[in-house]
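Chain residues, written in single-letter form:
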Amino acid sequence: MSILPQKIYPIVDTANWIDRLGGAGARFIQLRVKNLEGEALLAEIRQAHTYAKKHGVCLVLNDYWQIALEEGIDYIHLGQEDLDTADLNAVRKAGIRFGLSTHCHEELERALSFKPDYVALGPIWPTRLKKMAFGPQGVEKLTEWKKLIGAMPLVAIGGVTFERLRACLEAGADSVAAVSDFTQSADPEGQVKRWLAEAERA
C-alpha cells in the first residue's frame, strides 16, 4: 500500500509556488493550473516539474493525465468526472501514482474500484475557492472514511487552516491539503514550517 510523502499537502496554481514552498520544506505539492492551455500550460507544468526535482518534491498534477504520461510526473489527482475519460491502465503501466476525490459513499465505492494510491475527502469545512455540489463533511466523516478504506492513505481537503490541521490528523487523515492557507499567507514559507511542526506534534 502506498504511503504519502508528507502529512501536509499544499495545492498551488503556478510553478513558482513549487519553488517557494518546496524550498521551505513541503515535499508533497499539487499543481492545479487554471486558465492556461497549449504551450503555456505545458511550459508551466515543465517548470513545476523542474522545481519539484530541485527540491525533492513529489509533484502531483491535477487533471492533466496525458501530460503526466508524456512528462513523467510522479503523481496525478483526478476528480470523479475525470474517471469517465482517463486511461488509468496507461497511467499504471507508466508507474504514475494517482489520487481520487470523493464526497459521498457512492463516489468512495467507485474510487476504491480503481485501486488509487490515496482518496481525498472534502470539503471538510466550507470553502470559498471552489463551488461544491456537496456540503461540508466534517471531521467525523474522516474517521468514518478511514475505517472504510483501512491502510489506504486518506487526504482531508476543503476549508482547512493551520488551526484545523491537528483535528484532521487526529480524526484519521494521513495528509491534509490546503490552498489559501499557504498561497494567501503573509509568509507562505513560514506557514509551511508551522504546518510541518504542528503535523509532527499531532
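These remarks concern the structure in this document.

Criteria and thresholds
- Residues numbered from 1 in each chain as written.
- Predicted model: local features only at pLDDT ≥ 70, side-chain atom pairs only at ≥ 80, totals over all residues.
- Heavy atoms only, no water.
- Helix = DSSP H or I, 4+ residues; strand = E, 2+ residues; numbered from the N terminus.
- Rg over C-alpha atoms; globule rule 2.2 N^0.38 Å.
- Buried < 20%, exposed > 50% of the residue type's maximum accessible area, 1.4 Å probe, protein only.
- Areas by Shrake-Rupley, 256 points an atom, 1.4 Å probe, with all protein chains shown as cover.
- Lys, Arg positive; Asp, Glu negative; His and termini not counted.
- Charge placed at Lys NZ, Arg CZ, Asp CG, Glu CD.
- Salt bridge = Lys/Arg side-chain N within 4 Å of Asp/Glu carboxyl O.
- Contact = heavy atoms within 4.5 Å.
- Pairing = 2+ DSSP bridges.
- Axes fitted to C-alpha atoms, helices over the stretch in contact; angles between N-to-C directions.

## Brief notes about the overall build of the chain
- Each helix and strand counted, the chain has nine helices and eight strands in total.
- In summary, the chain has a C-alpha radius of gyration of 16 Å against a globular reference of 17 Å for 202 residues, a match within 12%.
- The C-alpha extent of the chain, read off along each of the three principal axes, is 45 × 40 × 30 Å.
- Within the span of the chain, comprising 202 residues, buried residues form 54% of the whole.
- Accessible area for the chain stands at about 9500 Å²; split by element, carbon and sulfur atoms hold 49% of it.
- Averaging the positions of the 24 positive and the 27 negative side-chain charges in the chain gives two centres separated by 4 Å.

## Quick look at the pattern of salt bridges
- Within this structure, the stated rule accounts for eight salt bridges.
- The residue Lys-54 makes a salt bridge to Asp-19 at a minimum N-O spacing of 3.1 Å. On the criterion of sequence distance, the pair formed by Lys-54 in helix H2 (residues 38-55) and Asp-19 in helix H1 (residues 15-23) is long-range, its members being 35 residues apart.
- Owing to a relative accessible area of 56%, Lys-54 belongs among the exposed residues under this scheme.
- Each of Arg-166, Glu-170, Glu-198 and Arg-201 takes part in a single network of salt bridges with overlapping partners.

## A few points about H1
- Buried residues of H1: Ala-15, Trp-17, Ile-18, Asp-19, Leu-21 and Gly-22, and no others.
- Elements in contact with the buried residues of H1: strand E1 (8-12), strand E2 (28-31), H2, strand E3 (58-62), helix H8 (180-183) and helix H9 (188-201).
- Count one or two residues on from H1 and you reach Gly-25, which has phi positive near 120°.

## Looking at the environment of Met-152
- Summarising the element assignment, Met-152 is placed in the loop between helix H6 (139-149) and strand E7 (154-156).
- Exposure remark for Met-152: the relative accessible area of 7% places this residue in the buried category.
- Sequence separation of Met-152 and Ala-86 is 66 residues, and the distance between their C-alpha atoms is 21 Å.

## Here's the deal with the pairing of E3
- The buried fraction of E3 amounts to five of the five residues, a majority that puts the element mostly inside the structure.
- Of the two faces of E3, both are covered, the one formed by Cys-58, Val-60 and Asn-62 as well as the one formed by Leu-59 and Leu-61.
- Of the strand pairs in this sheet, E2 and E3 are connected by four bridges, and their pairing is parallel. The partner of Leu-31 across the bridge, within E3, is Leu-61.

## With respect to the sheet that holds strand E8 (residues 175-178)
- Spatial strand order, E1-E2-E3-E4-E5-E6-E7-E8: eight strands in a closed barrel with parallel pairing. Here the average twist between neighbouring strands, direction ignored, is 25°.
- Bridging between strand E5 (residues 97-102) and strand E6 (residues 118-121) involves four bridges; their strand directions are parallel. Bridge assignment links Thr-102 to a residue of E6, and that residue is Leu-121.
- Across the sheet, H2 is in contact with E2 and E3; its angle to E3 comes to roughly 160°.

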